[in-house]
Structure formats: structure tokens, C-alpha cells
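Residue-level structure breakdown
Read off the chains here:
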Amino acid sequence: MKVLVTGAAGFIGSHLVDRLLAEGEEVLGIDDLSSGSLANLADARSTSTGKFTFSRIDVRSDAIIDFIKRTKPEVAFHLAAQVDVRKSVSDPIHDAMINVIGTLNVLHASDQAGVRKVVFTSSGGCIYGEPGEDRLPVGEDQFFLPDAMPESPYGVSKRIMLDYLRYFKKIKDLDYTALALANVYGPRQEPAAEVGLEGQVVAIFSRRQLAKRLCTVYGDGTQTRDFVFSDDVVSAFVAARDKGSGELINIGSGVETSVNELFAELSKITGNDMEPRYAEARPGELERIVIDYSKATEVLGWRPQHDLQEGLKQTVAYFRAHPK
Ligand SMILES: NC(=O)c1ccc[n+]([C@@H]2O[C@H](COP(=O)([O-])OP(=O)(O)OC[C@H]3O[C@@H](n4cnc5c(N)ncnc54)[C@H](O)[C@@H]3O)[C@@H](O)[C@H]2O)c1
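These remarks concern the structure in this document. Each chain has its residues counted from 1, following the order in which its sequence is written. Side-chain atom pairs in this predicted model are given and counted only at pLDDT of 80 or more, local residue features only at pLDDT of at least 70, and totals for whole chains, interfaces and linings cover all residues. Only hydrogens and water are removed before side-chain values are computed, so all heavy atoms of the structure are retained for them.

**With respect to the site of the ligand**
Rule in force here: Summary of the distance rule: residues count as near a molecule or strand when at least one heavy atom falls within 4 Å of that molecule or strand. We call two N or O atoms a polar contact when they sit within 3.5 Å, provided that within protein one can donate a hydrogen and the other can accept it, with sequence-adjacent residues counted only if both atoms are side-chain atoms. Only runs of H or I of at least four residues qualify as helices and only runs of E of at least two qualify as strands under DSSP, and these elements are numbered from the N terminus. Here the nonpolar group is Ala, Val, Leu, Ile, Met, Phe, Trp, Tyr, Cys and Pro; Asp, Glu, Lys and Arg are the charged ones; every other residue, Gly included, is treated as polar.
Close contacts around the ligand come from 29 residues, with Phe11, Asp31, Ser35, Leu79 and Tyr154 the closest. For the ligand, a nitrogen atom lies 3.2 Å from a polar atom in the backbone of aspartate 32. Among the secondary structure elements, those contributing two or more residues to the shell around the ligand are α1 (11-22), β5 (117-123), α6 (153-172) and β7 (183-185). For the shell around the ligand, the element with the highest residue contribution is β5, accounting for three residues. Among the residues making up the shell around the ligand, the classes are represented as 15 nonpolar, nine polar and five charged.

Here it is in C-alpha cells:
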């Protein structure tokens, strides 16, 4: 099968490329390399024996439309995105140009090229807003609650694409599955800057602890997240290639972990004995989130295969082997 992966040089996209190649697929990878890196595709480029091609394309440009129409993949995995929640707050237009217009380009071209299915990457941490304690773990049905309101333009852009996906399926017969990912962590995740993005906390703490550098916890560290390992997330994408038609599906661990607990777990694995520094909480970040993945089990036959400790061990091993 010929498949397209947008955001192929990114953290999750590059793991997906590797898995699809291992399964014998022909993979077309595109990325504008704005946050992704060709280093992530080193294995794919060296061992794919002609089954992998990479093209540097911006999803905002007409080039993506020409590319999809010319190459006609059977399935398009759309992961390319502006992923910085805080940047979406300071520059919502830039966010929408990539996450809304760029995604529309992929959908429109996929429709015109006869693509069978688009697997879209949504965000379980953002599209439901701040759910409140009585609504945890968050199920997909909460998407339709009147107060399920994203706290950032990034969350809005990931949410409104669901309407476009439903439109293209209903009117144009272009199938889709939207995977709402929790906080993904794993090898190759690189903090975008010194402070990193909130979602990159595992990568930030791992790198800093290994380098014996002070870690900063924003807020009191009791805020919780649902951490899911990259390898498990990739399995969900592969399952969505043929299952989950027309569905929004949560992909997470179902386990609520506080930032303090995460820090302690990583300290054990890295041998860190430094306490973190606490700083003022950053606006726009959720207090608590954990998602319900039972629909993924029912529809995709998916459940996470790595618990947090196992996933963190593999992640730290990667950062140890790849110092900056
Ligand atoms: N990492 C998480 O915890 C998480 C959680 C929920 C959803 N997601 C979604 O998963 C997807 C992958 O995220 P990631 O964590 O691997 O981040 P990433 O930054 O590593 O990957 C995004 C990729 O998209 C590329 N890109 C950005 N703008 C582009 C453009 N205009 N044209 C073409 N390529 C462009 C980047 O260069 C990068 O390689 C994104 O859609 C993100 O919103 C990630």
C-alpha cells in the first residue's frame, strides 16, 4: 500500500514512518523541517530499499496539493502541525494557517486524488477544554458538551477540523479517523527551546536530569497529565489505517500522573538527586487531564502495551545514548 505521512520528520511522524516501512508499506514522507529533523529519518532513508521518499513541502503551499494529486496515496496520515500551544496564543493566525488551512489543503487534495482515508491527529489534552473532576477520565462523548471549550487557539484548530472531516466524509465520501492523543513521550522527542513546550515535559526533565541540571516545575506539580508512549501511539495509527471509520478516538494511557510523580519516577531512572525548582504556573495549562481509551480498544483493538515506568526507561536510554 502507498501511504502519505505528513510531519514525517517529527517526533511521532518519524516513528510512524519506521513502523509502516517495517510492515512493507511504500511511504511518502513530507515535512517542511520547521521543527522536525532529517536525523529522525536516518533509518528510513538508509534501510528502506527504495520504499521511502522524502519531500520538503509546506502544507500551507499549493505544492502539497500538487504532490497528493500526483502521487495518489491510498491513506494519508496527517501529523504535520504547529504544535506550540503558547505560540498559538501569541499568534493564532500562524497556528490556523498551518493547522486549519494546511489540513484543509491535505483534505481537499485527498478528496481530489481519490485517497481512501485520512488519519488525522487531534489532541486529547486540548479539544475537551478543562473537564473538571467529575468528568475524568474524559470520553469522546464529551466533545459535544456545550462547555467543552479549548483553552487555546491550538485546541480550537484541532477541534474544528473535526467538522471538516465530518463534512468531507458525508458529502465527499472521504473516510477519516481522528486520533485524540494524550501527552505523547518517547525517544526522539526534542524540547523546542530551553523551556520547551508543556507537552514535552518528559523530554525536558530527562535531558536536564541526565545533564545534572536543575528542572523547573511550573505550578505546585500536582497538575496531572496522561502520558502515553510513542510506540503505543504508532500502533494506534497503524490500526486506524483500516479501522475506526468516521470516528474520533482517544489514545492515552488512562492513568493520571502528576508532574511531581513524573519527576520522581524519572529521578529514579536517571539517578538524579536534585530537587526541582518551583515557578509560577503558566497560563492556559490544564489542571487535570486523563482520558478514557475504552473506545480505542473496542473500535481499533488497541490498548497501551507500555506502562509509564517501562516507557520512561526506554526514553531515558535513548537520551543517554544521544546526548546533545
Ligand atoms: N506530542 C504530543 O504529545 C501530541 C499530543 C497531541 C497531539 N499531537 C499531534 O501530533 C502531531 C505530531 O506532533 P509531534 O509531537 O510529533 O511534534 P513535532 O513538532 O515533532 O512534529 C510536527 C512535524 O510537523 C512539521 N511541520 C510543522 N509545520 C509544517 C508545515 N507547515 N508543513 C509541513 N510540515 C510541517 C514539523 O517540522 C514537524 O516535523 C501533531 O499534529 C501534534 O499536534 C502531539
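Next, the rest of the story.
**Considering a negative patch on the surface**
Test applied: Grouping into patches uses exposed residues only, defined as over 30% relative accessible area, and leaves out salt-bridged ones; the cut-off is 9 Å for like charges and 5 Å for nonpolar side chains (Val, Leu, Ile, Met, Phe, Trp, Tyr). Methods summary: accessible areas were calculated by the Shrake-Rupley approach with a probe of 1.4 Å, and residue burial reflects only the protein chains presented. Salt-bridge detection follows one rule: a side-chain nitrogen of Lys or Arg within 4 Å of a carboxyl oxygen of Asp or Glu. Under the convention used here, Asp and Glu are negative, Lys and Arg are positive, and both His and the chain ends fall outside the count. Charge placement uses NZ in Lys and CZ in Arg. For Asp and Glu, CG and CD serve respectively.
A cluster of acidic side chains, namely Glu130, Glu151, Asp220 and Glu287, defines a negative patch on the protein surface. By secondary structure assignment, the location of glutamate 151 is in the loop between β5 and α6.

**Some remarks on helix α11 (residues 308-321)**
Rules: Multiply 1.5 Å by the residue count of a helix minus one, and that product is the helix's expected span. The buried label goes to any residue with under 20% of its type's maximum accessible area, the exposed label to any with over 50%, and the partly exposed label to all in between, with areas taken from a 1.4 Å probe on protein chains only. Along the arc lie the directions from the helix axis toward the C-beta atoms. Contact definition: two residues touch when any of their heavy atoms are within 4.5 Å.
Helix length check: α11, at 14 residues, gives a terminal C-alpha distance of 20 Å against a target of 20 Å (1.5 Å per residue), a fit within 8%. For α11, the set of buried residues is Gly311, Leu312, Thr315, Val316, Tyr318 and Phe319. Down the axis of α11, the smallest arc covering the buried residues is 155 degrees, so these residues share one side. Structurally, α11 contributes buried residues whose contacts are with β7, α7 (201-210), β10 (227-229) and α9 (259-270).

**Comments concerning helix α8 (residues 230-240)**
Within α8, nine of the eleven residues are buried, which leaves it mostly tucked inside the rest of the structure. Taken residue by residue, α8 has Ser230, Asp232, Val233, Val234, Ala236, Phe237, Val238, Ala239 and Ala240 as its buried positions.

**A word on the nonpolar core**
Using the following cut-off: Each nonpolar core is a collection of buried residues, namely Ala, Val, Leu, Ile, Met, Phe, Trp, Tyr and Cys, held together in the definition by side-chain atoms within 4.5 Å.
Residues Val5, Leu16, Val17, Phe77, Leu179, Phe237 and Ile251 are the most contacted members of the largest nonpolar core, which totals 76 residues. Grouped together as the second largest cluster of nonpolar side chains are 15 residues, Phe205, Cys215, Leu266 and Leu312 included.

**Focus: the sheet that holds strand β11 (residues 247-251)**
Going by this rule: Strands are treated as partners if at least two bridges between them are detected by DSSP. In this analysis an axis means a line fitted to C-alpha atoms, helices contributing only their contacting stretch, and an angle means the value between N-to-C directions, from 0 to 180 degrees.
If you walk across this open sheet you meet the seven strands as β3-β2-β1-β4-β5-β6-β11, and the pairing is parallel. Since the sheet does not close on itself, it has two edges, and those belong to β3 (52-56) and β11, each with one partner. Sheet twist, expressed as the average angle between the axes of neighbouring strands with direction ignored, equals 20 degrees. Judged from the seven bridges that link them, β5 and strand β6 (residues 175-181) form a sheet pairing that is parallel. Across the sheet, the residue bridging to valine 119 is threonine 177, located in β6. α1 rests against β1 (2-6), β2 (26-31), β3, β4 (75-78) and β6 of the sheet, and its axis sits at about 165 degrees to β1.

**Considerations on the environment of serine 123**
Secondary-structure assignment places serine 123 in strand β5. Relative accessible area serves as the criterion here: at 8%, serine 123 is assigned to the buried category. Residues serine 123 and methionine 161, 38 residues apart in the sequence, show an inter-C-alpha distance of 11 Å. When sequence neighbours within four positions are dropped, the list of residues in contact with serine 123 reads Tyr154, Lys158, Leu179, Ala180 and Leu181. A polar contact is formed between the side chain of serine 123 and the backbone nitrogen of cysteine 126, at a distance of 3.1 Å.

**Examining the environment of threonine 6**
The residue threonine 6 is located in strand β1 in this model. Under the relative-accessibility criterion, threonine 6 is labelled buried at 0%. Residues threonine 6 and aspartate 32 lie 26 residues apart in sequence; the distance between their C-alpha atoms is 9.2 Å. The residues contacting threonine 6, other than those within four sequence positions of it, are Ile30, Phe77, His78, Leu79, Ala80 and Val106.

**A few points about the pattern of salt bridges**
Scanning the entire structure with this criterion turns up 18 salt bridges. Arginine 60 is the salt-bridge partner of aspartate 58, the closest N and O atoms lying 2.7 Å from each other. With a shortest N-O distance of 2.9 Å, arginine 135 and aspartate 147 are connected by a salt bridge. Residue arginine 135 is located in the loop between β5 and α6, and its partner aspartate 147 is located in the loop between β5 and α6; the two are separated by twelve residues in the primary sequence.

**Section: the packing of α7 against α11**
For the record, the criterion: Just so you know how the angles are binned, under 35 degrees is roughly parallel, over 145 roughly antiparallel, 65 to 115 roughly perpendicular, and the rest oblique. Here is the rule for handedness: rotate from the far helix to the near one, and if that takes an anticlockwise turn smaller than a right angle the crossing is left-handed, while a clockwise turn gives right-handed.
Between α7 and α11, the least distance of the axes is 10 Å, while the angle of their chain directions is 55 degrees. By the angle between their directions, the pair α7 and α11 is classed as oblique. As for how α7 packs across α11, the hand of that crossing is right-handed. On α11, the residues that touch Val202, Ala203, Ser206, Arg207 and Leu210 of α7 are Leu312, Thr315, Val316, Phe319 and Arg320. Of the residues assigned to the contact of α7 with α11, the class counts are six nonpolar, two polar and two charged.

What is shown is where atoms sit, not what they do.
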